[in-house]
Amino acid sequence: MTRFGQLFNLLGLFMALLEILHFPDQRLRKKATAVTEITAKIRQLAEDMLETMYDAPGVGLAANQVNVQKRLVVIDVSEDKSSPLIFINPEIINKQGEREHEEGCLSVPEAYELVTRADTVRVKALDLDGVAFELDADELLATCIQHEIDHLDGKLFVDYISNLKRQRIKKRLEKQFKQQR
Amino acid sequence: MAKPQKHTARASAARVIAEVIQKKHSLNGVLTAALTSLPDNDRSLCQQLCYGVIRWQPQLEAISQSLLTKSLRAKDADIAALLLCGIYQLRDMRVPAHAAISETVNACKTLGKPWATGLLNASLRNYQRQHDEIEAKILQQESAQYAHPDWLIQRFKQDWPEQWPAILEANNLQPPMMIRVNKQHGSRQDYLTRMAQANIDATAIEVCSEGVLLDTPCDVFQLPGFADGDASVQDGAAQLVAQLLDLKPNLRILDACAAPGGKTCHILEQFPDNQMVALDIDPRRLLQIKQNTDRLKLNAELIASDAVDVDNWWDGQLFDRILIDAPCSGTGVIRRHPDIKLLRRPDDIATLAQQQQQLLNKLWPLLKPDGVLIYTTCSALKQENEEQVASFLQYHPEAQENAISPTPAERRSFGYQRLPGDNMLDGFYYASLSHR
Ligand SMILES: C[S@@+](CC[C@H](N)C(=O)[O-])C[C@H]1O[C@@H](n2cnc3c(N)ncnc32)[C@H](O)[C@@H]1O
């Protein structure tokens, strides 16, 4: 988080918690488009997304989950908010192995299911200054990167589980959503 | 992506128990899935907590209600279940009280609900303080005293006016582990020797020719030659079924409700060359038969179909033997599946009785004139058992019920009933039918 960010945070200013869309909201199915210029708006969005993710609490958030169809992902898999990562236009350039990992999603509250994905990945992206970087990830970080990039392509982790389980989750969330209204 | 769920024995147990109680999913299925994400050394505690809490749920729930000033919200069913786990540890487990309390309270945080720590801590300490009073008070409710739902207590009372307290008590005991030795691979005596060499204490079950009773349950893969099919897990009451079928070579046999294939395999172990058609309505459960026949190197024709839907699966050839091990209330095996107490509803019994009646009516015509049809259930309720057979005989004057010798259980007006725990075995019902 930038110094300014921390300052704003202390003052409780400008750092907005964003509304997270919930499955089966069709807007989660839209494909995000590449970020062409890193404007102040994009920087603000990244800060707000981090804040929203920490608050949830989550370890990753993709821009289309907060209804912005841009290829921007924030991740922090540390226990103490110490390792925020921002990926602009991320791409997986190498995948190795397979591993089953239990996943949950901020857009699919209270559902946790086993999903099989690549064991390790190499990802390429831009940082907030527009500088390209590559990163090798394993364990939770590898799972999370794949999960978030799926979001940018309109895919959700529930797409990998059985139809029956997905329908059950969908029904439950539709019911909860109605009750909240 | 949401923060990953943390897994500890107590938190996982709370999640499992909440899912069984709230969503009415079967304990075995939910627990098996949960155990895969737990570290090895947490598994046994989680399993003990789940079985113990579900077994005593009506009792623990009554205690919990006297501790909570208002009941928890539906979305906090995990916290409600965690409280039951805490009470169970204090009452029935050899965990030091302070550890039981602090670990249970900590599990609130693992469940992502730190707000509940104060509530759980206070409730469990209140239970310790008011222990005698609370325990005395809950015994005044019959469902808490016997740890069964009221409707089921009433059913047992109605069917077994004398035996019902003994039945309820037997249902609450931890079941012994029994196995069946594969006689194609060697004698029971030899297998007992191999078990002794593996330091597994066990004795022969007198009433079953291939049955062995273990002193303490163990993992199946500790059993000598389990992977090679030298033995299978099966209660003695279920092992008696193959003996009733009067098996010999060159028979064509139908096992109409076969999954997971315990009896299918036992029948084939007698004469592996017999022709076996094994049916089950549930294709996923049918796969379990395949696993068992593969392990035991036996052959059966497996068909996924509703057995009642005869046109759908039958090739028109009559059978020498038919086994209907019917879907039932499971009220004879509550000690093995304590979740039956929570999952069954009073009106399930009539629905099941109807399915059983249909199975009998539709499969009876598939029996050869000199064939034998065996009807069995793991129920202890008359509606599914002797009353079922009585009404079948009433509508089928061409059929008769046969006396079985030696008797597999207590003789009833029709068939034989074993009540839960008789001779340490599961509750079971057996009837043999043939043409007059
Ligand atoms: C008591 S269990 C059978 C246990 C099995 N005989 C053994 O010894 O391992 C009853 C089985 O009947 C199956 N079933 C229920 N209704 C059925 C039907 N109409 N046709 C065929 N199978 C049915 C269930 O799926 C279940 O697997």
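Quick caveat, the model's predicted, so the values are computed rather than measured.

Quick notes on the rules
- Residues numbered from 1 in each chain as written.
- Chains lettered and ligands numbered in written order.
- Predicted model: local features only at pLDDT ≥ 70, side-chain atom pairs only at ≥ 80, totals over all residues.
- Heavy atoms only, no water.
- Domains from an automatic or database assignment.
- Buried area = accessible area lost by both parts, 1.4 Å probe.
- Salt bridge = Lys/Arg side-chain N within 4 Å of Asp/Glu carboxyl O.
- Contact = heavy atoms within 4.5 Å.
- Helix = DSSP H or I, 4+ residues; strand = E, 2+ residues; numbered from the N terminus.
- Nonpolar A, V, L, I, M, F, W, Y, C, P; charged D, E, K, R; others polar.
- Buried < 20%, exposed > 50% of the residue type's maximum accessible area, 1.4 Å probe, protein only.
- Pairing = 2+ DSSP bridges.

Novice: Describe the domain arrangement of chain B, naming the residues involved and giving the relevant values.
Specialist: All names here are of chain B. Domain assignment breaks chain B into domain 1 (9–147), domain 2 (178–233) and domain 3 (236–435). A separation of 24 Å is found between the C-alpha centroids of domain 2 and domain 3. For the pair domain 2 and domain 3, the summed buried area comes to about 1500 Å², and 48% of that belongs to carbon and sulfur atoms. It is Met178, Arg180 and Val207 in domain 2 that bury the most area against domain 3; as a group they hold 38% of the surface buried on that side. Here Arg180 makes a salt bridge to Glu269, at a shortest N to O gap of 2.7 Å.

Novice: Lay out the interface of chain A and chain B with the relevant residues and their values.
Specialist: Where the parts come together, the accessible area they lose is often given as the size of the interface. Across the contact, 20 residues belong to chain A and 10 residues belong to chain B. Taken over both partners, the interface formed by chain A and chain B buries close to 1200 Å², and the fraction arising from carbon and sulfur atoms is 57%. Taken as a group, Val59, Glu102 and Tyr112 of chain A account for 37% of the area that chain A buries against chain B, more than any other trio of residues on that side. For the pair chain A and chain B, the interface holds 0 salt bridges. Among the elements that take part in the side of chain A that touches chain B, helix α3 (residues 139–152) of chain A stands out by supplying 5 residues, more than any other. Across the side of chain A that touches chain B, the residue classes tally to 9 nonpolar, 6 polar and 5 charged.

Novice: Tell me about unusual backbone geometry, and name the residues and values.
Specialist: A cis amide bond links Phe23 of chain A to the next residue, Pro24 of chain A, at an omega of 5°. Going from Ala259 of chain B to Pro260 of chain B, the amide bond is cis rather than trans, its omega being 5°. Along the chain, Pro260 of chain B turns up in the loop between β5 (252–255) and α14 (262–270). Despite not being glycine, Lys81 of chain A shows a phi value in the positive range, around 55°. Along the chain, Lys81 of chain A falls in the loop between β2 (72–75) and β3 (85–96).

Novice: I'd love a proper account of the pairing of β2 of chain A, names of residues and values included.
Specialist: Residues and elements named next belong to chain A. Across the two faces of β2 the burial is the same, with Leu72 and Val74 and Val73 and Ile75 all buried. In this structure, strand β1 (residues 60–62) lies alongside β2, joined through 3 bridges in antiparallel fashion. Of the residues in β2, the one forming a bridge with Leu61 is Val74. In terms of strand pairing, β2 meets β3 through 4 bridges, oriented antiparallel. Within β3, the position partnered with Val74 by the bridge is Ile86.

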